[in-house]
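Residue strings, one per chain:
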Amino acid sequence: MANGETIVEHRLDMEGADPLLLAGVNDRNFQELTRLFGIRVVMRGNQLVLSGPLEAVERSVPVVQHMIELARLRAPYDVPDIARFAEGVDALGPEGIVHPDDEIRIALPGSRKVIVPKSEGQRGYVRAIQEHDIVIGIGPAGTGKTYLAVACAVDALYKKRVRRIILARPAVEAGENLGFLPGDLQEKVDPYLRPLYDALEDMMPHERVQRALEDGTIEIAPLAYMRGRTLSDAFVILDEAQNATTAQMKMFLTRLGLNSRVVITGDKTQIDLPRRSDSGLLEVERILSGIDGIAVVYLDARDVIRHRLVKDIIDAYARAAEASETQATEDADR
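Being a predicted model, the structure only gives us computed values, none of them experimental.

### Re the pattern of salt bridges
Opposite charge on two side chains makes pairing possible when the charged atoms of those side chains draw close.
Right, so step 1: Counted under the stated rule, the structure contains 13 salt bridges.
Right, so step 2: Across the salt bridge formed by Arg-44 and Glu-9, the nearest N and O atoms sit 4.0 Å from each other. Pair noted here: Arg-44 is in strand 2 (residues 40-44) and Glu-9 is in strand 1 (residues 7-13), with a separation of 35 residues, a long-range link.
Right, so step 3: Judged by its relative accessible area of 45%, Glu-9 is partly exposed.
Right, so step 4: Among the ionic pairs, Asp-239 bridges to Arg-169, the shortest N-O distance being 2.7 Å. Of this pair, Asp-239 sits in the loop between strand 9 (234-238) and helix 9 (246-253) while Arg-169 sits in strand 7 (residues 164-169); the two residues are 70 residues apart in sequence, bridging distant segments of the chain.
Right, so step 5: Classification of Arg-169 as buried rests on a relative accessible area of 11%.
Right, so step 6: Look at the salt bridges and you will find they share partners, linking Glu-9, Arg-11 and Arg-44 into a network.

Put into structure tokens, the structure is as follows:
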């Protein structure tokens, strides 16, 4: 007994699992298990031994078993993924972890890359993109809204479900002045479109991206360039949609042509328009929900796939905003 807790030892069979993949470089995966659950993890032959307080070991077993299954399949995962596995167990029990055989995988042959949604929210987002003509993805930075949408677009292009990819962003001056940036118009707006280039080049060889941009198979442009066009046989993504005005959003949505899919992504906490109420994202969230063929998907801090501190930062800002709203309400009632 230690502090009134029963210390137990639990052994799991790890035969067939890649030990390096399971433990991580310098045992980082095991260190993360210790941080999350307060247990000790040791390899002994073909067994993984978990020791610690009874409740902590019981909580850790489904997570560690999932890690072993992934290591048997030679399916890579990162330290932040382990925390997401644990959150799934805490929220839903052992069923909160998706079995490797049930995972959604987006295989991109050009880069030999397989993209797998990292959370339940991300899996729901990708399913929605696969099943609906228009998807509106709303959530904070780092939740994979843009990256997964681009992955689905590249997948559709490789499988010849569409003939081209069109990526658009509103070029809103968030405290900067476009007029003072050097270069012609394209050079001025390129910094606003850089995240889309980065996502593409993470999924396709650089030469293929450049060739596709040159022949029009992939087009990256400011939202204003969409006016007057009909977008057919295309996978169209509008990124940073919180900074599209209501008029721009209506213009964009009415460009949809035959055999096209649209994904709209945005973060309601990062509206850079002079008036928050002018955001087209807020309007489509309100008026398009419930229409057959349109899905609105919400991602949150649990779906963040960047550094684990990003989730804590998002939570801190959310708490601060809630406290500010509460204080404003109390002041108004006085």
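### Description of the packing of helix 2 (residues 28-37) against helix 3 (residues 54-72)
Right, so step 1: Axis separation between helix 2 and helix 3 bottoms out at 10 Å; the angle between their running directions is 150°. Here helix 3 runs roughly antiparallel to helix 2, going by the angle between their axes. Like other packed secondary-structure pairs, helix 2 and helix 3 cross with a definite hand, here right-handed. From helix 2, Asn-29, Leu-33, Leu-36 and Phe-37 reach across to helix 3, where they touch Ala-56, Arg-59, Ser-60, Val-63, Val-64 and Met-67.

### Focus on the confidence of the model for the chain
Fine structural detail should not be taken from predicted coordinates in areas where pLDDT scores are low.
Right, so step 1: Looking at the chain, pLDDT values average 83 and 83% of them are 70 or higher.
Right, so step 2: Taken as a whole, residues 173-181 scores under 50 in pLDDT and shows 8 contacts with residues more than four places along the chain or in a different chain.

### Things to note about the sheet that holds strand 1
Right, so step 1: Spatially, 1-3-2 is the arrangement adopted by the 3 strands of the open sheet, whose pairing is antiparallel. Every other strand in the sheet has two partners, leaving strand 1 and strand 2 as the edge strands with one partner each. Mean inter-strand twist for the sheet, computed between neighbouring axes without regard to direction, equals 20°.
Right, so step 2: Where strand 1 and strand 3 (residues 47-53) come together, 7 bridges link them in antiparallel fashion. Looking at strand 3, one finds that Ile-7 is bridged to Pro-53.
Right, so step 3: Together, strand 1 and strand 3 form the strand contacts of helix 3, whose direction differs from that of strand 3 by roughly 160°.

### Regarding the environment of Arg-35
Right, so step 1: As for its position among the elements, Arg-35 is in helix 2.
Right, so step 2: On the basis of relative accessible area, Arg-35 is assigned to the partly exposed category, the value being 45%.
Right, so step 3: A C-alpha to C-alpha distance of 9.7 Å links Arg-35 and Ala-83, two positions 48 residues apart in sequence.
Right, so step 4: Here Glu-32 takes part through its side chain, which lies 2.8 Å from a polar atom of the side chain of Arg-35.

### Some points on unusual backbone geometry
Right, so step 1: Positive phi values are uncommon outside glycine, yet Asp-27 reaches one of about 60°.
Right, so step 2: The residue Asp-27 is located in the loop between helix 1 (19-23) and helix 2 in this model.
Right, so step 3: Under the relative-accessibility criterion, Asp-27 is labelled partly exposed at 41%.
Right, so step 4: A positive phi is found at Glu-240, a non-glycine position, where the angle reads about 55°.
Right, so step 5: The class of Glu-240 is partly exposed, set by a relative accessible area of 26%.

### As for the pairing of strand 7
Right, so step 1: Burial analysis of strand 7 places 5 of its 6 residues in the buried class, which makes it a mostly covered element.
Right, so step 2: Summarising the sheet, strand 7 and strand 9 pair through 5 bridges and their orientation is parallel. The residue bridging Arg-164 from the neighbouring strand is Ala-234, located in strand 9.
Right, so step 3: Summarising the sheet, strand 7 and strand 8 (residues 218-222) pair through 5 bridges and their orientation is parallel. Note on strand 8: the bridge partner recorded for Ile-166 is Glu-219.

### A closer look at the sheet that holds strand 9
Right, so step 1: Judged by pairing direction, the sheet is parallel, and its 6 strands sit side by side in the order 8-7-9-10-6-11 without closing on themselves. Pairing within the sheet leaves two strands with one partner each, and these edge strands are strand 8 and strand 11 (294-298). Averaged over neighbouring strand pairs, the angle between their axes works out to 15° when direction is ignored.
Right, so step 2: Its contacts with the sheet put helix 5 (residues 120-131) on strand 6 (134-138), strand 9, strand 10 (261-266) and strand 11, and the angle it makes with strand 10 is roughly 150°.

### Description of the environment of Leu-253
Right, so step 1: By the element assignment, Leu-253 lies in helix 9.
Right, so step 2: Through-space distance from the C-alpha of Leu-253 to that of Leu-231 is 9.9 Å; in sequence the pair is 22 residues apart.
Right, so step 3: When neighbours within four sequence positions are excluded, Leu-253 is seen to be in contact with Ile-134, Ile-264, Val-284 and Leu-288.

Cut-offs used in this document
- Residues numbered from 1 in each chain as written.
- Predicted model: local features only at pLDDT ≥ 70, side-chain atom pairs only at ≥ 80, totals over all residues.
- Heavy atoms only, no water.
- Salt bridge = Lys/Arg side-chain N within 4 Å of Asp/Glu carboxyl O.
- Helix = DSSP H or I, 4+ residues; strand = E, 2+ residues; numbered from the N terminus.
- Buried < 20%, exposed > 50% of the residue type's maximum accessible area, 1.4 Å probe, protein only.
- Axes fitted to C-alpha atoms, helices over the stretch in contact; angles between N-to-C directions.
- Parallel < 35°, antiparallel > 145°, perpendicular 65-115°, else oblique.
- Left-handed = near helix turned anticlockwise from the far one by under 90°.
- Contact = heavy atoms within 4.5 Å.
- pLDDT = per-residue confidence, 0-100.
- Pairing = 2+ DSSP bridges.
- Polar contact = N/O pair within 3.5 Å; in protein donor to acceptor, adjacent residues only side chain to side chain.

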